[in-house]
Amino acid sequence: MRLLLVEDDPMIGDSVQKGLRQDGFTVDWVRDGQSAELALGSDVYDLMVLDLGLPRKGGLEVLQNLRRQRNSLPVLILTARDAVADRVTGLDKGADDYLVKPFDLDELAARIRALLRRRAGRADPLLRHGELALDPATHQATFRGKELALSAREFALLEALLDRPGAILSRAQLEERLYGWGEEVESNAVEVHIHSLRKKLGADFIRNVRGVGYTLRNP
Ligand code: CA
């Protein structure tokens, strides 16, 4: 899952980016409101973590512009401890959740997972497809009742496919989910991961739709 983090405080931004990356998210970090809008216009994200007090366009304005464009991207706002009015305004302007600074990174990650489930219309915290189950919270996977060892990228790739059952994702869409800005992508990285996953799950578990992309075999 690819997240946009908008935070001008270097200490908070750095620790949130590192923490969420450890939790398996792809995280792009920008430090002001204008850069956030540029990123939203050029890349596809699954969720935005948005500080409200930002230079060059505040978080509320970014949020309002996003909703005005009928963009339903899940948004979690970060607010200061004493700013109840900000939280109320943020939620009423279209935010989906909020956290008060200082916050716990584990709680942030759990709230993000909850928002992503809700967006996908899923109540089950596990992602399931046939005999495969993924737990985004612990990054454990089971297949046919047995634990399945997956690399972080393999897990992220399966997560992207299981998040939208039936959808066909192009190689570029999968790359976007797996790699953030500044991360080097080998030209055949997605194919390499797919090849390795097919060895673990069976050759036809991930189908290649010629000229379009990848999808999962019907369970
Ligand atoms: Ca700030």
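Just so we're clear, the structure is a prediction, and the values are computed from it rather than from any experiment. (Residues numbered from 1 in each chain as written. Predicted model: local features only at pLDDT ≥ 70, side-chain atom pairs only at ≥ 80, totals over all residues. Heavy atoms only, no water.)

A. Spatial organisation of the overall build of the protein chain. In terms of helices and strands, the protein chain carries eight helices and 11 strands. With respect to the three principal axes, the spread of C-alpha positions in the protein chain is 55 × 35 × 30 Å. Evaluated residue by residue, the protein chain yields a buried proportion of 45% over its 219 residues. Across the protein chain, every contact between residues at least 6 apart in sequence was considered, and the portion connecting residues at least 24 apart equals 55%. Roughly 11,200 Å² of accessible area belongs to the protein chain as shown, and the carbon and sulfur atoms make up 48% of that amount. Taken as two groups, the 32 positive and 34 negative side-chain charges of the protein chain have centres that lie 6 Å from each other. (Helix = DSSP H or I, 4+ residues; strand = E, 2+ residues; numbered from the N terminus. Buried < 20%, exposed > 50% of the residue type's maximum accessible area, 1.4 Å probe, protein only. Contact = heavy atoms within 4.5 Å. Areas by Shrake-Rupley, 256 points an atom, 1.4 Å probe, with all protein chains shown as cover. Lys, Arg positive; Asp, Glu negative; His and termini not counted. Charge placed at Lys NZ, Arg CZ, Asp CG, Glu CD.)

B. Structural context of the packing of helix 1 (residues 10-22) against helix 5 (residues 105-119). Orientation of helix 1 relative to helix 5, taken along the N-to-C sense of each, is 60°, at an axis distance of 10 Å. In this view, helix 1 runs oblique relative to helix 5, as classed from their interaxial angle. The handedness of the crossing between helix 1 and helix 5 is right-handed. Mapping the contact onto sequence places Ser15, Val16, Gly19 and Leu20 in helix 1 and Leu105, Leu108, Ala109 and Ile112 in helix 5. Here the residues of the contact of helix 1 with helix 5 are counted per class, giving six nonpolar, two polar and no charged. (Axes fitted to C-alpha atoms, helices over the stretch in contact; angles between N-to-C directions. Parallel < 35°, antiparallel > 145°, perpendicular 65-115°, else oblique. Left-handed = near helix turned anticlockwise from the far one by under 90°. Nonpolar A, V, L, I, M, F, W, Y, C, P; charged D, E, K, R; others polar.)

C. Examining the coordination of the calcium ion more closely. Coordination of the calcium ion by the protein is provided by Asp8 (OD), Asp51 (OD) and Gly53 (O), with metal-donor distances spanning 2.2 to 2.3 Å. All donors of the calcium ion come from a single chain, and their spacing in sequence reads D-x42-D-x1-G. One end of the pair, Asp8, is in the loop between strand 1 (2-6) and helix 1; the other, Asp51, is in strand 3 (residues 47-51), and 43 residues separate them in sequence. Asp8 gets classed as partly exposed once you look at its relative accessible area, which sits at 33%. You can call Asp51 buried: its relative accessible area is 5%. (Donors = N, O, S within 2.8 Å, 3.2 Å for Na, K, Ca; no water.)

D. Representation of empty space enclosed by the protein within the structure. Taken as a whole and assessed by the stated rule, the structure comprises one cavity of 30 Å³ or more. Estimates place the volume of the largest cavity at around 30 Å³. In terms of lining, the largest cavity is formed by Asp23, Phe25, Arg113, Pro136, His139 and Glu159. Of the domains in this structure, domain 1 (2-120) and domain 2 (127-216) are the two that each give at least three residues to the lining of the largest cavity. (1 Å grid on protein atoms, 1.4 Å probe; cavity = no way out; pocket = protein on both sides within 12 Å on 5 of 7 lines; lining within 4 Å. Points joined across faces, edges and corners; volume = space filled by probe spheres on them. Domains from an automatic or database assignment.)

E. Expanded view of the packing of aromatic side chains. Within the structure shown, the criterion is met by one aromatic pair. When the ring centre of Trp29 is taken as origin, the NZ or CZ atom of Arg31, which lies over that ring, is 3.6 Å away. (Phe/Tyr/Trp six-rings, centres within 6.5 Å; stacked < 30°, edge-to-face > 60°. Lys NZ or Arg CZ within 6 Å of the ring centre and 35° of its normal.)

All quantities given are derived from atomic positions and should not be read as evidence of function.
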